[in-house]
Amino acid sequence: MLIDLYELLQEEDGFRKFSPTFETKEFKTTREKFPVKEYDIELSFHNDGKKHIAFTCKGNVALAIPCDRCLEPVDYKVNIDCFKDLDLNKTSEERIADLDEESYLDGTKFDSEVFICNEILVNLPMKVLCRTDCKGICNRCGANLNLRSCKCEDAEPGTGMSKILDVFNQFKEV
């Protein structure tokens, strides 16, 4: 959702509140896509004068992220609670020089979806587990070991494979 802040800048001590919609049904990174399950965000803008706007974003976004061990979807809630001071006096070149690239701000136009996607990306965990004792999947047959056990560990390897397994077992961490 594009929000034009021009009218807000014209009002002394002006205030606006928005509850933008998330137009895409999935959150995309460069490598993965996660379905958006729940979305509740509120944006507040306050004109502090001299082309400075105090901006607050609060809310939650729930994503369906696959467990890193068993690949079952996990509802992961990202809590967004941030405050920013938007200085609309700066040019794009000045923002880049100050290492303050605001890709969500173009002149007086604020792109809420780009901002929220940036905040989700910053708050994504390194690892997501469905539970702390998740057993994962079998690396041979792909069975979810949380639901059932498999017979792959008990199977006898062929003669060529047994030599390789001996080498791996020799260096296996305890």
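Notes on the structure follow. (Residues numbered from 1 in each chain as written. Predicted model: local features only at pLDDT ≥ 70, side-chain atom pairs only at ≥ 80, totals over all residues. Heavy atoms only, no water.)

### Quick word on the nonpolar core
Turning to step 1, where the next piece is worked out: Residues Leu5, Phe45, Leu63, Ile80, Leu86 and Phe110 are the most contacted members of the largest nonpolar core, which totals 33 residues.
Turning to step 2, where the next piece is worked out: At the level of secondary structure, the elements contributing two or more residues to this core comprise helix H1 (6-10), strand S4 (33-49), strand S5 (52-66), strand S6 (73-87) and helix H3 (112-123).
Turning to step 3, where the next piece is worked out: In terms of residue count, the dominant contributor to this core is S5 (6 residues).
Turning to step 4, where the next piece is worked out: Setting aside residues up to four positions removed in sequence, Phe45 forms contacts with Ile3, Leu5, Leu8, Gly14, Phe15, Arg16, Phe18, Ile53, Ala54, Phe55, Leu86 and Phe110. (Core = buried A, V, L, I, M, F, W, Y, C linked by side-chain atoms within 4.5 Å. Buried < 20%, exposed > 50% of the residue type's maximum accessible area, 1.4 Å probe, protein only. Helix = DSSP H or I, 4+ residues; strand = E, 2+ residues; numbered from the N terminus. Contact = heavy atoms within 4.5 Å.)

### Section: the sheet that holds strand S7 (residues 105-106)
Consider a sheet: its strands pair through backbone hydrogen bonds, and that pairing is either parallel or antiparallel.
Turning to step 1, where the next piece is worked out: Across the sheet, 3 strands lie side by side as S1-S8-S7; this open sheet has antiparallel pairing. What marks the edges here is a single partner per strand, and that holds for strand S1 (2-4) and S7.
Turning to step 2, where the next piece is worked out: One ladder, built from 3 bridges, connects S1 with strand S8 (residues 109-111); its direction is antiparallel. Residue pairing in the sheet places Leu2 in a bridge with Asp111 of S8.
Turning to step 3, where the next piece is worked out: Sheet strands in contact with H3 are S1 and S8, and its direction is about 45 degrees off that of S8. (Pairing = 2+ DSSP bridges. Axes fitted to C-alpha atoms, helices over the stretch in contact; angles between N-to-C directions.)

### Here we look at unusual backbone geometry
Turning to step 1, where the next piece is worked out: One non-glycine residue with positive phi stands out, namely Asp13, at about 60 degrees.
Turning to step 2, where the next piece is worked out: Inspection of the secondary structure assignment puts Asp13 in the loop between H1 and strand S2 (15-18).
Turning to step 3, where the next piece is worked out: Positive phi, close to 55 degrees, is recorded for Lys50, a residue that is not glycine.
Turning to step 4, where the next piece is worked out: Checked against the element boundaries, Lys50 lands in the loop between S4 and S5.

### Some words on the packing of aromatic side chains
Turning to step 1, where the next piece is worked out: All told, the structure shown has 8 aromatic pairs when counted by the stated rule.
Turning to step 2, where the next piece is worked out: A centroid spacing of 4.8 Å and a plane angle of 55 degrees characterise the contact between Phe55 and Phe110, whose relative ring orientation is tilted. Linking Phe55 in strand S5 with Phe110 in strand S8, this pair joins segments that are 55 residues apart in sequence.
Turning to step 3, where the next piece is worked out: Classification of Phe55 by relative accessible area gives buried; the value is 0%.
Turning to step 4, where the next piece is worked out: The exposure class of Phe110 is buried, given its relative accessible area of 0%.
Turning to step 5, where the next piece is worked out: Linked through ring pairs, Phe18, Phe45, Phe55, Tyr104, Phe110 and Phe115 together constitute an aromatic cluster. (Phe/Tyr/Trp six-rings, centres within 6.5 Å; stacked < 30°, edge-to-face > 60°.)

### Regarding the pattern of salt bridges
Turning to step 1, where the next piece is worked out: All chains considered together, the criterion is met by 5 salt bridges.
Turning to step 2, where the next piece is worked out: Glu11 serves as the salt-bridge partner of Arg16, at 2.6 Å between the closest nitrogen and oxygen.
Turning to step 3, where the next piece is worked out: Note that Glu38 and Lys77 form a salt bridge whose closest N and O atoms lie 3.6 Å from each other. Highlighted residues: Glu38 in strand S4 and Lys77 in strand S6, separated in sequence by 39 residues.
Turning to step 4, where the next piece is worked out: Since its relative accessible area comes to 47%, Lys77 is described here as partly exposed. (Salt bridge = Lys/Arg side-chain N within 4 Å of Asp/Glu carboxyl O.)

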